[in-house]
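# A look at the structure
The chain contents come next:
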Amino acid sequence: LRQSSTRFAAYVASEACGRPLLCSHDLRLSCRAVMSGSKGKRPNYGAVETVGAEEKSTESLLKETTKLLQESKRVLSQDEKMAGRVLRDLETQGDTLRLGKFYAEDMENISSEANLAIRIMERRAQARKLYLCSIIFVLLLLNGLVFYREWTNHGHLM
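Cut-offs used in this document
- Residues numbered from 1 in each chain as written.
- Predicted model: local features only at pLDDT ≥ 70, side-chain atom pairs only at ≥ 80, totals over all residues.
- Heavy atoms only, no water.
- Helix = DSSP H or I, 4+ residues; strand = E, 2+ residues; numbered from the N terminus.
- Buried < 20%, exposed > 50% of the residue type's maximum accessible area, 1.4 Å probe, protein only.
- Contact = heavy atoms within 4.5 Å.
- Areas by Shrake-Rupley, 256 points an atom, 1.4 Å probe, with all protein chains shown as cover.
- Polar contact = N/O pair within 3.5 Å; in protein donor to acceptor, adjacent residues only side chain to side chain.
- Patch = residues over 30% accessible without salt bridge, like charges linked within 9 Å, V, L, I, M, F, W, Y side chains within 5 Å.
- Salt bridge = Lys/Arg side-chain N within 4 Å of Asp/Glu carboxyl O.
- Lys, Arg positive; Asp, Glu negative; His and termini not counted.
- Charge placed at Lys NZ, Arg CZ, Asp CG, Glu CD.
- pLDDT = per-residue confidence, 0-100.

## Things to note about the overall build of the protein
What the protein contains, in helices and strands, is three helices and zero strands. From first element to last, N terminus to C terminus, the protein shows the α and β order α-α-α. Buried positions account for 9% of the 158 residues belonging to the protein. A separation threshold of at least 6 residues defines the contact pool for the protein, and within that pool the share at least 24 residues apart is 24%. Accessible area of the protein: about 14,200 Å², with a carbon and sulfur share of 63%.

Written out as structure tokens, the structure reads:
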């Protein structure tokens, strides 16, 4: 798109000047002439005017380049500051993730210890339940023997 618009501008400028343009400097001067309203007139390409225009364009190019360089330095400085902040943030996030991993491992150890304690408590509860059931069974058996003895001895235990 840029090349085609440059070619079109060169064509328009060469038509306005009445001669082919040889360089981009001629194109700029011709475009200025076309823009200033000299339709159909050939711009004056005298030696003094061309030298003055070249000096002005060199000075303006130097000023523009200096401005661009300063702007680039400013943008670079901002980018460096932003990159520094991002690096600090990433370092903080890394520390947070490492600490989180440590806490997660710690919690995993605690939960495995808690699981072990719960299993031990379950086994103890089952053992106590079995013990109580056996005591109840023995007591019921003894009660059954006492009632049998009373029934067989007609109300006397002995």
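## Examining the environment of Arg74
As for its placement among the helices and strands, Arg74 is situated in helix α3 (residues 47-152). Classification of Arg74 by relative accessible area gives partly exposed; the value is 40%. A distance of 2.3 Å separates the side chain of Arg74 from the side chain of Glu71, its partner in a polar contact.

## Quick notes on a nonpolar patch on the surface
Taken together, the side chains of Tyr131, Leu132, Ile135, Phe137, Val138, Leu139, Leu141, Leu142 and Leu145 make up a nonpolar region of the molecular surface, amounting to roughly 910 Å² of accessible area. As for its position among the elements, Leu139 is in helix α3.

## Some words on a negative patch on the surface
Residues Glu105, Asp106, Glu108 and Glu113 make up a contiguous surface patch of negative charge. For Glu105, the position within the fold is in helix α3.

## Concerning the pattern of salt bridges
Tallying each qualifying case throughout the model produces two salt bridges. Taking the shortest distance from any N to any O, the salt bridge between Arg74 and Glu71 comes out at 2.3 Å. One end of the pair, Arg74, and the other, Glu71, are both in helix α3, three residues apart, so they sit about a helical turn from each other. Take Glu71: its relative accessible area is 37%, and that puts it in the partly exposed class. With a shortest N-O distance of 2.5 Å, Arg98 and Asp95 are connected by a salt bridge. Placement of both Arg98 and Asp95 in helix α3 is noted, with a separation of three residues, approximately one turn of the helix.

## Some thoughts on the confidence of the model for the protein
Of the residues in the protein, 64% reach a pLDDT of 70 or more, and the chain-wide mean stands at 78. The spread of mean pLDDT over the elements of the protein runs between helix α2 (residues 24-35), the lowest at 49, and α3, the highest at 90. Within the model, pLDDT remains below 50 along residues 37-41, and this stretch shows three contacts once partners closer than five positions in the same chain are excluded. In this model residues 45-49 is a low-confidence stretch, pLDDT under 50, and it forms seven contacts with partners more than four residues away in sequence or in other chains.

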